[in-house]
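# Commentary on secondary and tertiary structure
Chain by chain, the residues run as shown.
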Amino acid sequence: MPVTAIYASRILTPQEQLADCVILTENGRITAIGHRDEVKIPSGAMDYVAAGMTVVPGFVDVHIHGAGGHDVMEATPAALDCITSTVARYGTTSILATTVTASVDETCRSLQGIAQYIRAHEKHENIEPNVEPNVEQQNPEPGTPELAAEILGIHLEGPFISKARRGVHPPDAIARPSVEILEKFRAASDGLIRIVTIAPEIPGALDLIRYALANGMIAAIGHTDANFEQTQAAIQAGARHSVHFYNAMRPFSHRDPGVIGAILTEPDVSAEVIADGIHVAGPAIQVLLGTKGFDTVLLASDATAATGMPDGNFRLGNFEVMVKDGVCRNAEGKLAGSTLTLDRALRYIVALGVPLIDAVRMATILPARRISLAGKKGIIAVGADADLVVLTADLRVVGVMTRGAGLV
Ligand SMILES: [Zn+2]
């Protein structure tokens, strides 16, 4: 792959802001970054001039169910190709494929399909040479589209959630927190579950949090009716993340601060927020940011198959959702995920008054750091993956590079 030289008026790495810079990429990685007078451009490099534009790292979405008409639980190469290429057009270059509550067997089938896809792509990209030989036989060479987000792992959103705060997750398949079931899921996913959502107040939750932690998963608090003390116990046991903060949580009250009060006052726990102007009111996001600061709030989409599609009916896991005016609901009229893309979330957060560099951090380095991939993803730095987004002054996406591909 030839060297690409990207000239930008401004770069947000996003640890710092640099003016009049050039980024060199080769073989899917960033190989140099600096002022245009300082970086030596190899002869034969392909130039991309982003005059008047801002270049930021590709967005990292740790909570996304689907896009382009497909749901991750379909777990076929065609469905996952469609989802990853659809979100890449909006600047999302890495995702955690997020499951919803379904039966144990059905969830295992989905996890196996997603894991095979991830392993096949790792092999394809030569990132991990020691892939089991039979994986390739089971899964034909992936038809990688040019521009595609990378699936970094899996976010298991169900079934260990509260029936009282289940949102649209089907009640029949909700399960008590169970190490045995999570072990099954872990095996089916080939160890690729990175986040598991758990309602802390359900018996068995604390043991499951400890098991998740001991096995390299992030225990996340979500879909929960937990009170303040129950949430603190979960944090004590090792929970460090919270899923679509405010949504599907016991509401805050000044005499009963509950899960929301516990997370707002705990700096070590990160919070996803769905910044689409529908799931959470703007002032509530300002309360979240005002309390927790800009270092622990992540933009997540909770996007469904309807994302990037016209209004209509779509699947979420194994149930149907209806989309009207871009708002996704189930048959009872409950909000059922979103049609949000992270570029829109970024614009929304900036319109709330968040400085652009902090907003970019919420969509890039902070989620990457949450899943322990901060040096590789969500950052413009030498050695990191060449995942880049070019933004206009009004924060529209006009160019995307995913691991060195795209950005024409
Ligand atoms: Zn979700």
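A brief look at the structure comes next. Residue indices begin from 1 for each chain and proceed along its sequence in written order. Local features in this predicted model are restricted to residues whose pLDDT is 70 or higher, and side-chain atom pairs enter the listing and the counts only when it is 80 or higher, whereas totals over whole chains, interfaces and linings include all residues. Working from all heavy atoms in the structure, the side-chain values ignore hydrogens and water.

## A closer look at the pattern of salt bridges
Here is the rule: Basic side-chain nitrogens of Lys or Arg form a salt bridge, by our definition, when they fall within 4 Å of a carboxyl oxygen of Asp or Glu. Under the DSSP-based scheme used, a helix requires at least four consecutive residues in state H or I and a strand at least two consecutive residues in state E, with every element numbered from the N terminus. Each residue is assigned to one of three classes by its accessible area relative to the maximum for its type, calculated with a 1.4 Å probe on protein chains only: buried under 20%, partly exposed between the two thresholds, exposed over 50%.
Counting across every chain of the model gives 15 salt bridges. A salt bridge links Arg210 to Asp207, with the nearest nitrogen and oxygen atoms 3.0 Å apart. Here the residue Arg210 and the residue Asp207 both occupy positions in helix H5 (residues 205–214), the gap between them amounting to 3 residues, near one helical turn. For Arg210, a relative accessible area of 43% corresponds to the partly exposed category. Through salt bridges with shared partners, a single network forms among Arg29, Glu150, Lys376, Lys377, Asp385, Asp387 and Arg403.

## Looking at the coordination of the zinc ion
For clarity, the cut-off: The donor set covers N, O and S atoms within 2.8 Å of the metal, switching to 3.2 Å for Na, K and Ca, and it leaves out water, so a site may look short of donors. For four-coordinate sites, all angles between 85 and 135 degrees define a tetrahedron; for four- and six-coordinate sites, opposite donors beyond 155 degrees with the remaining angles between 65 and 115 define square planar and octahedral shapes respectively, and all other cases count as irregular.
Distances from the zinc ion to its protein donors, namely His63 (NE2), His65 (NE2), Glu157 (OE) and Asp302 (OD), fall within the range 2.0 to 2.2 Å. Taken together, the 4 donor atoms surrounding the zinc ion define angles of 85 to 171 degrees at the centre, an arrangement classified as irregular. Mapped onto the sequence, the donors of the zinc ion take the spacing H-x1-H-x91-E-x144-D. Here His63, found in strand S5 (residues 59–64), pairs with Glu157, found in the loop between strand S9 (150–156) and helix H4 (179–188); they are 94 residues apart in sequence, far enough to count as distant. Of the two residues, His63 and Glu157, neither departs from the other in class, the shared state being buried.

## Considering the nonpolar core
Stated precisely, the cut-off is as follows: Side-chain atoms within 4.5 Å link the members of a nonpolar core, which is a set of buried Ala, Val, Leu, Ile, Met, Phe, Trp, Tyr and Cys residues. Contact definition: two residues touch when any of their heavy atoms are within 4.5 Å.
With 121 residues, the main nonpolar core has Val55, Ile114, Phe160, Leu182, Phe185 and Leu299 as its most contacted residues. It is helix H2 (residues 104–124) that provides the largest number of residues to this core, a total of 6 residues. Leaving out residues up to four positions away in the same chain, Leu182 has contacts with Leu156, Phe160, Ile193, Val196, Leu208, Tyr211, Ala212 and Met217. Core analysis: the next-biggest nonpolar cluster, separate from the first, contains 8 residues, Val22, Leu24, Val39 and Ala45 among them.

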